[in-house]
Amino acid sequence: MTDKEVILKIKSGEINYFEFLIKKYSRLLYQYLFLKIKNKDDCEDLLQEIFFSFYKNLSHFDESQPVKPYLFKIAINQLKMFYRKRKDFLPLNKDIADEEGDFAILSLFEEEEKIFEKLNKKEQKVFQLLKNGYKIKEIAKKLKIKENTVKSIIRRGRMKLKVKNKK
Amino acid sequence: MKNVENKILKKIYFWEARKITVDFFLKIIVFLSSFLFFLILGEILFEILKEQRSFELLNFFQEDFEVVKKYFFDNVFIFWLEVPKFLLLSLFLSLGISSAVILVVIKNFKIYKNKIKNLYQWFLKQK
């Protein structure tokens, strides 16, 4: 049975035929995802999302078009979203988990004053305020910048620190 | 891999079941409300026309063919002038909506049937 026939069957309401597509492409997609993110659980989640998103948009899918490139296109988009989501929570190291708990970074600064000096003035100011117990909201108010800007500065600082730590 | 495949299928079947249920209820609600609206408006329009004695304008249909031919356009035009337009428009609109719902259901009947059949089989298999 070709993909086109399967798609037509699904469009006519025989949703059990979707299993055929899952069986045909899941392994291939899984391998691709695993190559990219190298985490079994994340790969499985993304695979679910890819097929679910494909099923939801099946009514708009032109059955004369090949399925594989379409699935990979969804996979690429899902990966982009995954990376974007993960970027928000990029930790400096294992000890540092959440945005509010950035005091942990500061203990590192105390140990390595040189790293702290290598941050730019704005970053230093933000981290100094964090060290003094200020919350992101309060820092934003004090420095008259947006909360998201403060978060970005902290993220950049974390990344710099991560690079320095690796070195 | 088998486990993931089952998870995907489960997610899809549940989503489809929810979608069909919501779709079904929405269609029933839209159909019933528009049909009820149609009946009420029809009744009101009928009462208004009866009160205005507009139906008497149509009595000429019982006359000879020549008379009907002669007064047809005049009488129909007067009848049209006497009919409350907004009410008539609403009546046709509600009739149109309820007919559209019926037509959509008839058109997609095979798809609904197959989906319900497949969902039923899948849920039975899960038990």
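One numbering rule holds for all chains: residues counted from 1, following each sequence as written. All chains are assigned letters beginning with A, and all ligands numbers beginning with 1, in the order in which they are written. Local features in a predicted model are, by the rule used here, given only for residues with pLDDT of at least 70; side-chain atom pairs are given and counted only at 80 or more, and totals for whole chains, interfaces and linings are based on all residues. Note that water and hydrogens are dropped before the side-chain values are worked out from all heavy atoms of the structure.

**Some points on the packing of helix H1 (residues 2–51) of chain B against helix H4 (residues 109–126) of chain B**
Residues and elements named next belong to chain B.
- Axes here refer to lines fitted to C-alpha atoms; in helices the fit is confined to the stretch in contact. Angles between the N-to-C directions go from 0 to 180 degrees. Secondary structure elements are defined from DSSP: runs of H or I of at least 4 residues count as helices, runs of E of at least 2 residues count as strands, and each element is numbered from the N terminus. Viewed as axis vectors pointing N to C, H1 and H4 meet at an angle of 135 degrees, and their least axial separation amounts to 11 Å. Taken as axis vectors, H1 and H4 run oblique relative to one another. As H1 runs across H4, the sense of the crossing is left-handed. Here Leu9, Lys10, Tyr13, Phe14, Glu16, Ala17, Lys19, Ile20, Asp23 and Lys27 of H1 come into contact with H4, specifically with Tyr112, Lys115, Ile116, Asn118, Leu119, Trp122 and Phe123. Reported orientations rely on four angle classes, namely roughly parallel under 35 degrees, roughly antiparallel over 145, roughly perpendicular from 65 to 115, and oblique for the rest. Left-handed describes a crossing whose near helix is turned anticlockwise from the far helix by less than a right angle; the clockwise case is right-handed. In this analysis, two residues are considered to be in contact whenever any of their non-hydrogen atoms come within 4.5 Å of each other.

**A closer look at the layout of surface pockets**
- We place a 1 Å grid over just the protein atoms. Points where a 1.4 Å probe fits but has no way out form a cavity, open points with protein on both sides within 12 Å along at least 5 of 7 lines form a pocket, and any residue with an atom within 4 Å of a point lines it. Grid points are joined across faces, edges and corners, and a volume is the space filled by probe spheres set on the points. Roughly 350 Å³ of volume is contained in the largest pocket.
- A:Ser59, B:Glu16, B:Lys19, B:Ile111 and B:Lys115 are the residues nearest the centre of the largest pocket, which is lined by 16 residues in total.
- Taken together, the elements giving at least two residues each to the lining of the largest pocket come down to helix H1 (3–11) and helix H3 (40–56) of chain A together with H1 and H4 of chain B.
- Counting residues per element, the lining of the largest pocket draws most heavily on H1(B), which supplies 5 residues.
- Broken down by class, the residue content of the lining of the largest pocket amounts to 8 nonpolar, 2 polar and 6 charged.
- What the second largest pocket holds in volume is close to 250 Å³.
- Of all the elements in the fold, those that place two or more residues in the lining of the second largest pocket are H1, helix H3 (85–107) and H4 of chain B.
- Considering every element that reaches the lining of the second largest pocket, the biggest residue donor is H1(B), with 8 residues.
- When residues are sorted by character, Ala, Val, Leu, Ile, Met, Phe, Trp, Tyr, Cys and Pro go into the nonpolar class, Asp, Glu, Lys and Arg into the charged class, and all the rest, Gly among them, into the polar class. Grouping the amino acids of the lining of the second largest pocket by side-chain chemistry returns 11 nonpolar, 1 polar and 2 charged.

**Some words on the interface of chain B and chain A**
- Facing the 18 residues of chain B at the interface are 21 residues of chain A.
- By convention, the term buried area covers the 1.4 Å-probe accessible surface removed from two parts as they join, with the contributions of both added. Counting the surface lost from both chain B and chain A, the interface buries some 2,000 Å², and carbon and sulfur atoms represent 68% of this.
- What counts as a salt bridge is simple: a side-chain nitrogen of Lys or Arg found within 4 Å of a carboxyl oxygen of Asp or Glu. Viewed at the interface, chain A and chain B are joined by 1 salt bridge.
- Among the salt bridges present, the one from B:Lys11 reaches A:Glu49, with a minimum N-O distance of 2.7 Å.
- Definition of a polar contact: a pair of N or O atoms within 3.5 Å, with one able to donate and the other able to accept a hydrogen when the atoms are protein atoms, and with sequence-neighbouring residues admitted only if both atoms are side-chain atoms. Our count for the chain B to chain A interface comes out at 7 residue pairs in polar contact (both at pLDDT 80 or more).
- Going through the elements one at a time, H1 and H4 of chain B are the ones with two or more residues in the side of chain B that touches chain A.
- Per-class residue counts for the side of chain B that touches chain A are 9 nonpolar, 2 polar and 7 charged.

**As for the pattern of salt bridges**
- Scanning the entire structure with this criterion turns up 7 salt bridges over all chains.
- The partner of A:Lys23 in a salt bridge is A:Glu19, with the nearest N and O atoms 2.9 Å apart. Highlighted residues: A:Lys23 and A:Glu19, both in helix H2 (residues 18–37), separated by 4 residues, approximately one helical turn.
- The rule is simple: take the accessible area with a 1.4 Å probe, protein chains only, and divide by the maximum for that residue type; under 20% is buried, over 50% is exposed, in between is partly exposed. For A:Lys23, a relative accessible area of 43% translates into the label partly exposed.
- The exposure class of A:Glu19 is partly exposed, given its relative accessible area of 25%.
- Close ionic contact of B:Lys115 with B:Glu16 constitutes a salt bridge, the shortest N to O distance being 3.2 Å. You can see B:Lys115 sitting in helix H4 and its partner B:Glu16 sitting in helix H1, a full 99 residues away along the chain.

**Notes on the packing of H2(A) against H3(A)**
Residues and elements named next belong to chain A.
- Contact pair H2 / H3: the axes reach a minimum separation of 9 Å and the direction vectors enclose 140 degrees. One finds that H2 runs oblique with respect to H3. You can see that H2 and H3 cross each other, and the crossing is right-handed. Taken together, the residues of H3 that come into contact with H2 (itself represented by Phe18, Leu21, Ile22, Tyr25, Ser26, Leu29, Tyr30, Leu33, Phe34 and Ile37) are Lys40, Asp42, Cys43, Glu44, Leu46, Leu47, Ile50, Phe51, Phe54 and Tyr55.

**A closer look at H1(A)**
- Those residues of H1(A) not exposed but buried are A:Asp3, A:Val6, A:Ile7 and A:Ile10. Down the axis of H1(A), the buried set is contained in an arc of 100 degrees. They therefore lie on one face. An arc is given here, and it is the one of the directions from the helix axis to the C-beta atoms.

**Some remarks on H3(A)**
All names here are of chain A.
- Helix span, expected: 1.5 Å multiplied by one less than the number of residues in the helix. A rise of 1.5 Å per residue sets the reference length of H3, with its 17 residues, at 24 Å; its end C-alpha atoms lie 24 Å apart and thus fit the reference within 8%.
- Looking only at H3, the buried set comprises Cys43, Glu44, Leu46, Leu47, Gln48, Ile50, Phe51, Phe52, Ser53, Phe54 and Tyr55.
- Between a side-chain oxygen at the N-terminus of H3 and the backbone nitrogen of aspartate 41 the separation is 3.0 Å; the capping residue is asparagine 39.

**Describing unusual backbone geometry**
- Phi at A:Lys38 is positive, roughly 50 degrees, even though this residue is not glycine.
- Within the fold, A:Lys38 resides in the loop between H2 and H3.

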